[in-house]
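Residue-level listing of the chains:
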Amino acid sequence: MEETMSVADLSTPLKFAYWVPNVSGGLVVSTIEQRTSWDFDYNKKLARIAEDAGFEYALSQTRYAASYGADKQHEATSFSLALLAATEKLKVIAAVHPGMWHPGVLAKFIITADHISNGRAAVNIVSGWLKDEFTNFGLEWLEHDERYVRTEEFIRVLRGLWTEEGYSQAGKYYDINNFTLSPAPVDVPGRPHPEIFFGGNSTAAQATAGRVADWYFSNGKDLEGFKENIAGVQAAAAQAGRRPRYGLNGFVIARDSEKEARDTLREIVEKAHRPAVEGFRAAVQEAGASTKDGKGMWADSTFEDLVQYNDGFKTQLIGTPEQIAERIVEYKKIGVNLFLTCYLHFQEEVAAFGTDILPIVRELEADAARKAGVDFDPKSTLALHEPSKAGV
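All values derive from a computational prediction rather than experimental measurement. Sequence order as written defines residue numbering, which begins from 1 separately in each chain. The model is predicted, so local features are restricted to residues of pLDDT at least 70 and side-chain atom pairs to those at 80 or more, both for listing and for counting; the totals for chains, interfaces and linings are taken over all residues. Computation of side-chain values covers all heavy atoms of the structure but excludes hydrogens and water.

**Re the overall build of the protein chain**
The helix and strand labels rest on DSSP assignments: H or I over at least four residues marks a helix, E over at least two residues marks a strand, and numbering proceeds from the N terminus. Looking only at helices and strands, the protein chain has 13 helices and eleven strands in total. By residue count, 58% of the 392 residues in the protein chain fall in the buried class. Contacts in the protein chain between residues far apart in sequence, at least 24 positions, make up 76% of those at least 6 positions apart. The Shrake-Rupley method, run with a 1.4 Å probe sphere, supplies the accessible areas, and residue values consider only the shown protein chains as cover. Here the protein chain displays about 15600 Å² of accessible surface, and carbon together with sulfur accounts for 50% of that area. For the exposure calls, accessible area comes from a 1.4 Å probe over protein chains only, and a residue counts as buried if that area is under 20% of its type's maximum, exposed if over 50%, partly exposed in between. In what follows, a contact means two residues having at least one pair of non-hydrogen atoms within 4.5 Å.

So, in structure tokens, the structure goes:
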């Protein structure tokens, strides 16, 4: 308990991100109306709405195969680059799979995107859970823990090439020999290199995140579940002398009354596309079952949880704006630095989040800091913590 509490940063404002709907079907696998589109024109407008509403990040999804409600997909890195070019402040995180990218090629791509966007490019490293995407491309499919061995090497290569000249790294999956990428990424105060996000609930994923990630993304969790989920990350980070930041996924249903919000959740689940949800469940729960200790992404997810395919209902950002703001700040008190949010109707609800919820969050954050005897600066930013050279 005390160890988890120690990661809370009450002096710095929470950051907010949204899932980019660059795949069809919205963010719930349900036939309920979703006034959301996967096309670029919709997403370009959404990105501008989000940055005007106070969102700092957007995360583009990586999906190659038509599956589980996502019948059409735009590729994440190119889509992210287009959104960066269409915005002025928003940081866009492109999700990528090791095993489909070489880290040196990705490092170069992100540097270029970083210069185009004046220092706003970031990556989310996804070790991979959809086996068919790899095997049907003729790519090697690694067993669960081995995927994280490769991922850790991949991230070390990224950081090394972004921060050092003549970088070398000898590993099981990647060998880099005295390589320099020029230009380097944009020099942004408080940011030693483009931000590296990473997620996963398994023991191997948590350890990897603690050793090499700047940000750890958690699937949706209740308060106790989140504390338990980051404990392994904290332990590995402490051993490595690092201090990653923490993001949490949450599906937002803000309505005039709690009953109306709960009724909306009930309708989403009642109208779930059952074959798609069951297919997704069968595919992803292998991730937890294949680990040595049975822990992993979606290992304890119910059918209802999986209707939002990153367990967003578990976070319970459901109710009136005041109720949602209060719950958000409770998560901040146990270590959350960023909320990754999703909605039924993205453009309207992202805008409403900025006007109806975010101001209450800021008031509650200031009050929580004051009660703890901490100075709260609404304009301060999170500085990434790098204790030593790229190899850490």
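**Observations regarding the packing of aromatic side chains**
Each aromatic ring pair is summarised here by two numbers: the centre-to-centre distance and the angle between the ring planes. Stacked, edge-to-face and tilted are the three classes for Phe, Tyr and Trp ring pairs, Trp counted by its six-membered ring, which pair at centre distances within 6.5 Å; planes under 30 degrees apart are stacked, over 60 edge-to-face, the rest tilted. Evaluated as defined, the whole model comprises 21 aromatic pairs. Ring centres of Tyr18 and Phe55 lie 6.2 Å apart, and the angle between their planes is 80°; on these two criteria the pair is classed as edge-to-face. Of this pair, Tyr18 sits in strand E1 (residues 15-20) while Phe55 sits in the loop between helix H2 (40-53) and strand E2 (57-60); the two residues are 37 residues apart in sequence, bridging distant segments of the chain. Both residues of the pair, Tyr18 and Phe55, belong to the buried class. Where Tyr57 meets Phe197, the ring centres are 5.7 Å apart and the plane angle is 75°; that geometry is what we call edge-to-face. Taken as a pair, Tyr57 in strand E2 and Phe197 in strand E7 (residues 195-199) lie far apart in primary sequence, 140 residues in all. A connected cluster of aromatic rings, assembled from ring pairs, spans Phe16, Tyr18, Phe55, Phe226, Tyr331, Phe339, Tyr343, Phe346 and Phe353. In this analysis the charged atom, NZ for Lys or CZ for Arg, is taken to sit over a ring once it is within 6 Å of the ring centre and within 35 degrees of the ring normal. When the ring centre of Tyr309 is taken as origin, the NZ or CZ atom of Arg63, which lies over that ring, is 5.9 Å away. Its end group placed over the ring of Phe303, Arg274 keeps NZ or CZ at 4.0 Å from the ring centre.

**Describing helix H8 (residues 223-240)**
In a helix, the anticipated span is given by 1.5 Å times the number of residues less one. With 18 residues, H8 should cover 26 Å at 1.5 Å per step; its first-to-last C-alpha distance of 26 Å lies within 8% of that length. Two axes are fitted around each residue, one to the seven residues ending there and one to the seven starting there, and the angle between them is reported as the bend at that residue. Approximately 30° is the largest bend angle found in H8, and it occurs at Ala231. By the burial criterion, the buried members of H8 are Gly225, Phe226, Lys227, Asn229, Ile230, Val233, Gln234, Ala236 and Ala237. Immediately beyond the C-terminal end of H8, within one or two residues, lies Gly241, with a positive phi of roughly 70°.

**Focus on the environment of Lys227**
Mapping Lys227 onto the fold places it in helix H8. Relative accessible area serves as the criterion here: at 10%, Lys227 is assigned to the buried category. The spacing of Lys227 and Val336 is 109 residues in sequence and 9.6 Å in space, taken between C-alpha atoms. Any pair of N or O atoms that falls within 3.5 Å is considered a polar contact. Within protein, one atom must be able to donate a hydrogen and the other to accept it, and sequence-neighbouring residues count only if both atoms are side-chain atoms. Side chain to side chain, Lys227 and Glu224 meet in a polar contact 2.9 Å long.

**As for the confidence of the model for the protein chain**
Averaged over every residue, the pLDDT of the protein chain is 91; residues scoring 70 or more account for 90%. Every residue in residues 1-5 scores below 50 in pLDDT, and together they form nine contacts with partners more than four places removed in sequence or on other chains. Of the regions scoring below 50 in pLDDT, residues 388-392 engages in 14 contacts with residues more than four places distant in sequence or in other chains. Each residue carries a pLDDT score, the predictor's own confidence in it, on a scale running from 0 to 100.

**Focus on the pattern of salt bridges**
The salt bridge criterion pairs a side-chain nitrogen of Lys or Arg with a carboxyl oxygen of Asp or Glu, the two atoms within 4 Å. Taken as a whole and judged by the stated rule, the model has 23 salt bridges. The partner of Glu152 in a salt bridge is Arg211, with the nearest N and O atoms 2.8 Å apart. One end of the pair, Glu152, is in helix H6 (residues 144-163); the other, Arg211, is in helix H7 (residues 203-212), and 59 residues separate them in sequence. Since its relative accessible area comes to 12%, Glu152 is described here as buried. Of the residues examined, Arg211 reaches a relative accessible area of 30% and is grouped as partly exposed. Taking the shortest distance from any N to any O, the salt bridge between Lys271 and Glu267 comes out at 2.7 Å. Look at the salt bridges and you will find they share partners, linking Glu33, Arg35 and Glu348 into a network.

**Let's talk about a negative patch on the surface**
Each patch is built from salt-bridge-free residues with over 30% relative accessible area, joining like charges within 9 Å and nonpolar side chains (Val, Leu, Ile, Met, Phe, Trp, Tyr) within 5 Å. The sign given to each residue is positive for Lys and Arg and negative for Asp and Glu; His and the chain ends receive no count. Working definition for charges: the position is that of NZ of Lys, CZ of Arg, CG of Asp or CD of Glu. Together, Asp256, Glu260, Glu322, Glu326 and Asp356 make up a negatively charged patch on the protein surface. Residue position: Glu326 is located in helix H12 (residues 321-332). The partly exposed category is assigned to Glu326, whose relative accessible area is 46%.

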